[in-house]
Amino acid sequence: MDLKINGNIKSFDDTSMTVEGLVTKLNLLGKRIAIEKNGMIISKSEFQNITLRDGDQLEIVGAVGGG
């Protein structure tokens, strides 16, 4: 499966994977991130329910603290 993540194509052996599975594969588990799939923001509570498909476009951004 090929996914476009932050403008770059990444290939995965999985034919089907959830957003939560992707977060785990990218070593982002436990980090403060926001994910947009095909133009729609995904709630963190939905990561385990949203299935990714070949060709999906994702934007993943990390929260930055400061002051």
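Residues numbered from 1 in each chain as written. Predicted model: local features only at pLDDT ≥ 70, side-chain atom pairs only at ≥ 80, totals over all residues. Heavy atoms only, no water.

Residues of strand S4 (residues 33-37) alternate between two faces, with Ile 33, Ile 35 and Lys 37 buried on one and Ala 34 and Glu 36 left unburied on the opposite face. As paired elements, S4 and strand S7 (residues 57-62) share five bridges and run antiparallel to each other. Looking at S7, one finds that Ile 33 is bridged to Gly 62. Both S4 and strand S5 (residues 40-42) contribute to a ladder of three bridges, which runs antiparallel. Of the residues in S5, the one forming a bridge with Glu 36 is Ile 41. (Buried < 20%, exposed > 50% of the residue type's maximum accessible area, 1.4 Å probe, protein only. Helix = DSSP H or I, 4+ residues; strand = E, 2+ residues; numbered from the N terminus. Pairing = 2+ DSSP bridges.)

In this section: the sheet that holds strand S1 (residues 2-5). The five strands lie next to each other as S2-S1-S7-S4-S5, forming an open sheet whose pairing is mixed. A strand with exactly one partner marks an edge of an open sheet, and here the two such strands are strand S2 (8-11) and S5. Averaged over neighbouring strand pairs, the angle between their axes works out to 35° when direction is ignored. (Axes fitted to C-alpha atoms, helices over the stretch in contact; angles between N-to-C directions.)

In this structure, S1 lies alongside S2, joined through four bridges in antiparallel fashion. Bridge pairing in S2 places Asp 2 opposite Ser 11. What sits between the antiparallel neighbours S1 and S2 is a turn of two residues, in which Asn 6 has the positive phi angle 50°.

By size, the foremost hydrophobic cluster in this structure holds 16 residues, and its most contacted members are Leu 3, Leu 22 and Ile 35. Sequence-distant contacts of Ile 35, defined by excluding residues within four places in its chain, comprise Val 19, Val 23, Met 40, Ile 41, Ile 42, Phe 47, Leu 58, Glu 59 and Ile 60. (Core = buried A, V, L, I, M, F, W, Y, C linked by side-chain atoms within 4.5 Å. Contact = heavy atoms within 4.5 Å.)

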